[in-house]
Amino acid sequence: MLMNAGIPILSIILWLPALGALLLMFVPGEQVARQRQIALIVSVVAFVLSGLLPLGFIPNAEGAAPGWTGIFGFMQQGSTATLPDMLFVDQVAWIPSFGINYLVGVDGISLWMVVLTTFLTPVALLSTWHSIKTQARAFQVLMLLLETAMLGVFVAQDLFLFYVFWEFSLVPMAFMIGIWGSGNRIYAAVKFFLYTFAGSVLMLMAIIALAIIHRNALAAEDAGFRMTFNVMRIMEDLRNGSLALDTNVARLMFGAFFLAFAIKVPMWPFHTWLPDAHVEAPTAGSVILAGVLLKMGTYGLIRFNLMLFPEVSRWAAPAIAILAIIGIIYGAIVAFAQSDMKKLVAYSSVSHMGFIVLGIFALNPEGISGAILQMVNHGLSTGALFVAVGIIYERRHTRELAEFGGLWTTMPIYGGLTLVMVLSSAGLPGLNGFVGEFTMMQGAYLSPDLGWQFLAFAVIGVILAAVYLMRMFGRAFMGPVDNPENAHLPDLDRVELASLVVPLVPIVIIGFLPNLFFAGMQGSVAEVVQHIVVGVAGQ
C-alpha cells in the first residue's frame, strides 16, 4: 500500500530523527522539558512509521519485490533490477562521477534491525529523562543524530554510503560517553572511537579495492561501464561470474571487513573497549550501545562477509566459530567475577554476542535466522537490563552488588520487572531469549562446518549465563534489607515504569509468537544460504 502510494517511507524514517535534531537547535536552551518532549515525540513517530514496514513486506509472485527509484520529489514507481530482493528502495545519484549513489532499501535481514533501532531510541530517551541535567539539548540532538546514523547503516545499499553512516555513528556516541559519562569517561570515549575507527579504515580500503576490481572486470567486456558501489550489483556479478576474485584477494578483503565488524560486535579478543564504554556511558548510551551499535557488526557479517565472500566464509567458518566459543565462555566467566552490576551486564554482552556469531557462521537457515532474531532479543533484554541498572544507580549512586540486598522488599515493581529481564537474558522458555538461542544452537549442530562439539561448548555458555545472572539478581534483590540506605528507596515512577514495561511487551510476544518475526526474514535468509551454496559450488 505504501509503495503503491509513492511515499518514500524509508527515507522519511531515516531522516526524520536528523530533522528532529535540527528542530531542537531552535528551542531555547532553558526549555529542557520541551526539548525532551520533542526528541521523544520525533523518536516515537519514527518507530510508528517503521512499524508499517513489515506490513508492506510482501514480495511479488516472481519473488522480486516492486521498488522505487528516486527520492522525495523525484520518486517514480518502477522495477529495481539491480535490487531484486529489496523493498522500499529509494535511489538518487549522489557523486555520479565516482558511481556513488544515495541508495537505500530493506530486506528480511535489515527489516527488524530498523524496527529495533526506532524502538530502543525512545526507550533510551526515557531512561535518562531525569538524569541528564546539563546540556540537555545537546544530548537530545546527539541521540537523534545517532539514530539516523544507525538506521543508515542498516538500510544503505551503496558501499560508500554504508561506510559514511558507519563512521558517523561513532561521533555522537563518543561525545555522549565523553560528556555525560562517569568516572574515566574521556579515556573510555577515546578508546571506543580509536578501536572502532582503526578497524573501519581497513574496511574502507577493501571497499575501494572491490569497486575498482569490479569496474576493471566489467569494463573489459563493456568499455562504457563505470565504477559503482551498488552492493547488490556487485553481489549479482559475483554470482553470475562477471566478477571473479582471486582467492588470496578475496581472503584479504574478507579479513578487512571481518576485522571492522569483529571489533564492533565485539568478538574476543577485540572486546576490550566494550566494558569501559558501557560502564562510563550514561544509561541511554549503554542501552543504544548494547541494543543497536553492537548489532551493526553482526549485521555486517551477514550482509557483506557472507554475501560478498561466500567461499571464504565457509573456509573461515570453523576458525571464527572457535573465536565465538571463546567469547561465549570467556565473557560468562568474567561476568560471574564482577561486583559492579553494569560491568557484569557489559561482559554478558561479550558472551551473548558470541552466540550470535556462532549462529551466523553455521551458514544454514537455522543458524542465520536464529542469529537475526537473537540480535533483536539481545537488544531488548540487555538494553532493559541497563535501564534497570541505571534506575538503581540514580537512587544510590553505586552499582556494587555488596551495597544491595532485599531490593524486592522495598521496590517490588522494580524487582519484578528486573526479574523478567534477567530471565529473558538467561533464555527462559516462554520469553524471547530462549527462541533465539535454541534456533542458533540447532543451526550449529546441523552445520557440516561445525557440529555437536561447538554445540556442547555453547550449552556450557547457556548454563553459565543462568548462573551469573541469577547470582546478580539474588545478591541485589533477595534476602533481608541489611543496608539501611536501601530501606526506604522509592519504587518506579511513571517514566521509569514506562522505560521497563515498553521492552517487556516484545520480549513476551517474541517468546510466544516467534513466527511473526521469523516469517519476514525467511526469504532473505534463504537467499543468503543459496548464495553461499552457489559460491562454494562454483569455487
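The structure reproduced in this document is the subject of the present report. Nothing here was measured: the structure is a model prediction, and the numbers come from that model.

Summing up its helical and strand segments, the protein has 20 helices and 4 strands in all. Relative to a compact globule of 539 residues, whose C-alpha radius of gyration would be 24 Å, the protein shows 23 Å and is just as compact. Referenced to the eigenvectors of the C-alpha coordinate spread, the extents of the protein come out at roughly 80 × 60 × 45 Å. Going through the 539 residues of the protein one by one, you find that 61% of them count as buried. Restricting to contacts in the protein with at least 6 residues of sequence separation, those with at least 24 account for 78%. Of the roughly 19500 Å² that the protein leaves accessible, carbon and sulfur atoms contribute 68%.

Counting residues in each nonpolar core, the largest one holds 191 residues, and the members touching the most others are Phe-192, Leu-308, Leu-358 and Phe-361. With 16 residues, the single largest contributor to this core is helix α11 (residues 283-308).

Further remarks concern the pairing of strand β3 (residues 87-95). Pairing between β3 and strand β4 (residues 100-106): 6 bridges, direction antiparallel. Within β4, the residue paired with Val-92 across the bridge is Tyr-102. Joining the antiparallel neighbours β3 and β4 is a turn of 4 residues, in which Gly-99 adopts a positive phi near 70 degrees.

For the coordinates displayed, the defined rule picks out 24 aromatic pairs. Their ring planes at 50 degrees and their centres at 4.9 Å tell us that Trp-112 and Phe-517 sit as a pair that is tilted. Remark: Phe-517 occurs in helix α20 (residues 515-537) and Trp-112 occurs in helix α3 (residues 111-127); sequence separation between them is 405 residues. Here Trp-112 falls in the buried class, since its relative accessible area comes to 11%.

Position of Leu-243 relative to the elements: it lies in the loop between α8 (231-240) and α9 (247-264). Taking relative accessible area as the criterion, Leu-243 reaches 3% and is therefore assigned buried. Considering only alpha carbons, one finds Leu-243 and Ile-213, 30 residues apart in sequence, at a separation of 8.2 Å. Beyond its immediate stretch of four places on either side in the chain, Leu-243 contacts Ile-213, His-214, Ala-217, Ile-234, Asp-237 and Leu-238.

Now for the side chain of Thr-118. Here Thr-118 shows up in helix α3. Residue Thr-118 is classed as buried on the basis of its relative accessible area, which comes to 0%. A polar contact of 3.0 Å, which involves the side chain of Thr-118, links it to the backbone oxygen of Val-115. With residues up to four places along the chain from it excluded, the contact list for Thr-118 reads Ile-13, Ser-43, Ala-46, Phe-47, Ser-50, Glu-147 and Leu-151.

Topologically, Glu-167 is positioned in helix α5 (residues 159-168). Buried and unpaired, Glu-167 has no salt bridge, with Lys-264 as the nearest side chain of opposite charge at 6.6 Å. Those residues within four positions of Glu-167 in sequence are excluded, and the remaining contacts are Phe-197 and Ser-200.

An α-helical turn contains 3.6 residues, so any two residues separated by three or four positions project in the same direction. Across the 11 residues that make up helix α6 (residues 170-180), a large majority, 8, are buried. For α6, the complete set of buried residues consists of Leu-170, Pro-172, Met-173, Ala-174, Met-176, Ile-177, Gly-178 and Trp-180. Against the buried residues of α6 lie α4 (136-155), α5, α7 (185-219), α9, α10 (273-280) and α11.

A separate point is a nonpolar patch on the surface. Judged by side-chain polarity, Ile-413, Leu-497, Val-501, Val-505, Val-508, Ile-509, Phe-512, Leu-513 and Leu-516 come together as a nonpolar surface patch covering roughly 760 Å² of accessible area. With 6 residues, helix α19 (residues 494-512) is the single largest residue contributor to the nonpolar patch. Looking at where Ile-509 falls in the secondary structure, it is placed in helix α19. What makes Ile-509 partly exposed here is its relative accessible area of 35%.

So, about the pattern of salt bridges. Counted by the stated rule, this structure contains 9 salt bridges. With its nearest N and O atoms 3.2 Å apart, the salt bridge here joins Asp-340 to Arg-399. Pair noted here: Asp-340 is in the loop between α12 (310-336) and α13 (341-360) and Arg-399 is in the loop between α14 (365-396) and α15 (407-410), with a separation of 59 residues, a long-range link. A single burial state applies to Asp-340 and to Arg-399, both of which are buried. Residues joined in a network through salt bridges with shared partners are Arg-396, Glu-403 and Glu-485.

The angle between the axes and the distance between the axes are what describe a pair of packed helices. For the pair α14 and helix α16 (residues 412-426), interaxial distance at closest approach is 9 Å and the crossing angle is 145 degrees. For the pair α14 and α16, the sense of crossing is left-handed. Contact with α14, carried on its side by Ser-381, Ala-384, Leu-385, Ala-388, Val-389, Ile-391 and Ile-392, involves Tyr-414, Thr-418, Met-421, Val-422, Ser-424 and Ser-425 of α16 and no other residues of that element. Looking at the contact of α14 with α16, its residues break down into 9 nonpolar, 4 polar and no charged.

Among the 10 residues that make up α5, 7 are buried, leaving the element largely enclosed by the rest of the structure. Taken together, the buried positions of α5 are occupied by Leu-159, Leu-161, Phe-162, Tyr-163, Phe-165, Trp-166 and Glu-167. Among the residues of α5, the N-terminal cap falls to Asp-158, whose side-chain oxygen and the backbone nitrogen of Phe-160 are separated by 2.9 Å.

So, on to the environment of Phe-434. Among the secondary structure elements, Phe-434 is positioned in helix α17 (residues 432-446). Take Phe-434: its relative accessible area is 34%, and that puts it in the partly exposed class. With residues up to four places along the chain from it excluded, the contact list for Phe-434 reads Gly-427, Leu-428 and Pro-429.

Conventions used here
Residues numbered from 1 in each chain as written. Predicted model: local features only at pLDDT ≥ 70, side-chain atom pairs only at ≥ 80, totals over all residues. Heavy atoms only, no water. Helix = DSSP H or I, 4+ residues; strand = E, 2+ residues; numbered from the N terminus. Rg over C-alpha atoms; globule rule 2.2 N^0.38 Å. Buried < 20%, exposed > 50% of the residue type's maximum accessible area, 1.4 Å probe, protein only. Contact = heavy atoms within 4.5 Å. Areas by Shrake-Rupley, 256 points an atom, 1.4 Å probe, with all protein chains shown as cover. Core = buried A, V, L, I, M, F, W, Y, C linked by side-chain atoms within 4.5 Å. Pairing = 2+ DSSP bridges. Phe/Tyr/Trp six-rings, centres within 6.5 Å; stacked < 30°, edge-to-face > 60°. Polar contact = N/O pair within 3.5 Å; in protein donor to acceptor, adjacent residues only side chain to side chain. Lys, Arg positive; Asp, Glu negative; His and termini not counted. Salt bridge = Lys/Arg side-chain N within 4 Å of Asp/Glu carboxyl O. Patch = residues over 30% accessible without salt bridge, like charges linked within 9 Å, V, L, I, M, F, W, Y side chains within 5 Å. Axes fitted to C-alpha atoms, helices over the stretch in contact; angles between N-to-C directions. Left-handed = near helix turned anticlockwise from the far one by under 90°. Nonpolar A, V, L, I, M, F, W, Y, C, P; charged D, E, K, R; others polar.

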